Amino acid sequence: MTVLRTEETEREAPSARRLGPDLQIAAEVVGADRVTPLPAGLGPNVSRYRSRAVAGVVRPRTAEEVRRLVELFADDDLAPLHAFSTGGNWGLGSREPARDGAVAVDLAGLDRIRALDTAGGWAVLEPGVTQASLAERLAGTGRMLNLTASSAHTSVVGNALDRGVGLRRQRVDDLAGLEVALPSGELIRVGWWPVPHMTTPVYAHGLGPSLLPLFVQSNLAVVTAAAVRLLPRPEALRVVRLDFRPEVLGQVAAEIRSWVSQGLARGVVKMYNEAAARAYGSPPGLHLAHVCVDGSRRAVDALTRIVTEEAAGSGLFQDVSSTDATDPDSPRHEVARLVERAYAGEPDAADVLFEAKTGASAARLDQDGGFLFFLPLVPFTGPALARADELLAQVRAETGIRCGSTANALDADVVDCVITIRFDRDDGAAVERAHRAHDRLHELFAADGFTPYRLGIEDADRADRPAPDPEARAFARRLKELVDPHCAIAPGRYA
Ligand SMILES: Cc1cc2nc3c(=O)[nH]c(=O)nc-3n(C[C@H](O)[C@H](O)[C@H](O)COP(=O)(O)OP(=O)(O)OC[C@H]3O[C@@H](n4cnc5c(N)ncnc54)[C@H](O)[C@@H]3O)c2cc1C
């Protein structure tokens, strides 16, 4: 079950419907009822990217069906394939392929948790397994999922394949192994994979060249399953909320960085600018930080005390609270409870925070919402984060657009910034202005060396620009030619 499909892709194809030659071949593999021609494309997307021409959508149910599709479509004469898991890649293109002319492969029907070992700390998941469904299986166990802040009904595998960021760490660090369907017709498993009746250590790199990373942000194969690491569930967890004024952003970043580098914080520290902080109940004019501490009860009590004392001692914060989630009288109680539960791996199946941020349900976002994402990496230093804020101010001065920004501290050295450009999707001038602001962000951040780590469907050519060595990009292209000579998989996506 997926809530992310539009009515158009959900519509069952009547057997009498005429399928073009590509879709006929797909129908022989998956059955005609799992193939839908889409002459009008995949439908609207939240970023108002141009709808690509697609022959239709194919909805396989098994890895073997995907393997066969990839093998057949590797033929020079057929359309390329564009695969997605649950298609919630909002702000970067949603379900759209990068180029026209593809057959879309909706993998939401591969939704089995094939194996789960809470003692060993891993699960084998198909692309259609959502955060909510895996978390439900883990409830009451000693393991938890590294959740993202996106909808509970998005795919664990799809997010990791785009190098998504969870509340505990980068999702790519959760990947132990991948099962991939190659244009050669092979279905191979790279990295670590469980061995029946044997306990083997979960270790993604294997021996020799590590193959797993080749299939992340990659158009070399279609991924049919992933072995995903599960985190030990902490005995206790708290999120400290800190409000601060925009003028002290650089100092706050330096202060919080010192906590991260000294091991006071666990998981990803988040710093929201005023526009992004609103959804978390922050008063106008203030930025917000969430610092998570976890571990044994005594460790959490001690760390909470240390963080709040350090915060008070710095004199940088307007307000510091570690009790919003437990104090029902706090005006931010409900939001804080949801935030704390999410850090603890318990998703909000009703998507309350998600809807507060986007103004629409996951099922309606592509029809009703309007936003673009820009996702640069920035060094975790006070001056670098203050500079990023200046660049947002420059874009506002040039375009009138006030961007939301969430800085996610991936470690003590690097921050992933999620910059959101909202617009009224029914106002053509506003859409044009938003896309102009998006281009400007790319230009301005790149000029300071703050390069993106994820790209939207119209930005493939930008993948070459920040490359420290163009020869490395050329090597990646040679690999593509070797593995997928007819460019059967996701042309133009990251390559
Ligand atoms: C309010 C809000 C909060 C968000 N919070 C976060 C967050 O905390 N962290 C974060 O990372 N993102 C976040 N996002 C962005 C996005 O919603 C998530 O990354 C989401 O998980 C992506 O959707 P999906 O899992 O359905 O992946 P999909 O859209 O299915 O896929 C993502 C990409 O991977 C490719 N792909 C997917 N599956 C396969 C496969 N099996 N084989 C080959 N290629 C494949 C797709 O072509 C696509 O390019 C947020 C978005 C919103 C609107």
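Note that the coordinates shown come from a computational prediction; the quantities given were computed from them, not determined experimentally.

### What about the packing of helix α2 (residues 21-30) against helix α3 (residues 63-73)?
Right, so step 1: Between α2 and α3, the shortest axis-to-axis distance is 9 Å and the interhelical angle comes to 150 degrees. As judged from the angle between their axes, α2 and α3 are roughly antiparallel. Along this stretch, α2 crosses α3, giving a crossing that reads as right-handed. Counting all contacts with α2, which are made through D22, I25, A26, V29 and V30, the residues of α3 involved are E65, R68, L69, L72 and F73.
Right, so step 2: Partitioned by chemical class, the residues of the contact of α2 with α3 number 7 nonpolar, no polar and 3 charged.

### Examining unusual backbone geometry
Right, so step 1: Positive phi outside glycine occurs at R48, with the angle close to 55 degrees.
Right, so step 2: The residue R48 is located in the loop between β1 (35-37) and β2 (54-58) in this model.
Right, so step 3: We classify R48 as partly exposed; its relative accessible area is 39%.
Right, so step 4: One non-glycine residue, H197, lies in positive phi territory at about 60 degrees.

### Details of the sheet that holds strand β8 (residues 175-181)
Right, so step 1: Strand order in the open sheet made by the 5 strands is β5-β6-β10-β8-β9, with antiparallel pairing throughout. The open sheet has two free edges, formed respectively by β5 (113-117) and β9 (187-191), since each of these has just one partner strand. The mean inter-strand angle of the sheet, taken between neighbouring strand axes irrespective of direction, is 15 degrees.
Right, so step 2: As judged from the 6 bridges shared by β8 and strand β10 (residues 222-229), these two strands associate in the antiparallel manner. Across the sheet, A181 pairs through a bridge with V222, a residue of β10.
Right, so step 3: Packed onto the sheet, helix α4 (residues 131-138) meets β5 and β6 (122-125) and runs at close to 40 degrees relative to β5.

### Observations regarding the packing of aromatic side chains
Right, so step 1: In total, this model carries 8 aromatic pairs according to the counting rule given.
Right, so step 2: Here W259 and F317 contribute two aromatic rings whose centre-to-centre distance is 6.2 Å and whose plane-to-plane angle is 35 degrees, an arrangement assigned as tilted. Taken together, the positions of W259 in helix α6 (residues 249-261) and F317 in strand β15 (residues 317-321) put the pair 58 residues apart, joining distant regions of the chain.
Right, so step 3: Look at W259 and you get buried, because its relative accessible area is 1%.
Right, so step 4: An aromatic cluster is present here, built from F244, W259 and F317 joined pairwise through their rings.

The rules behind each value
Residues numbered from 1 in each chain as written. Predicted model: local features only at pLDDT ≥ 70, side-chain atom pairs only at ≥ 80, totals over all residues. Heavy atoms only, no water. Axes fitted to C-alpha atoms, helices over the stretch in contact; angles between N-to-C directions. Helix = DSSP H or I, 4+ residues; strand = E, 2+ residues; numbered from the N terminus. Parallel < 35°, antiparallel > 145°, perpendicular 65-115°, else oblique. Left-handed = near helix turned anticlockwise from the far one by under 90°. Contact = heavy atoms within 4.5 Å. Nonpolar A, V, L, I, M, F, W, Y, C, P; charged D, E, K, R; others polar. Buried < 20%, exposed > 50% of the residue type's maximum accessible area, 1.4 Å probe, protein only. Pairing = 2+ DSSP bridges. Phe/Tyr/Trp six-rings, centres within 6.5 Å; stacked < 30°, edge-to-face > 60°.

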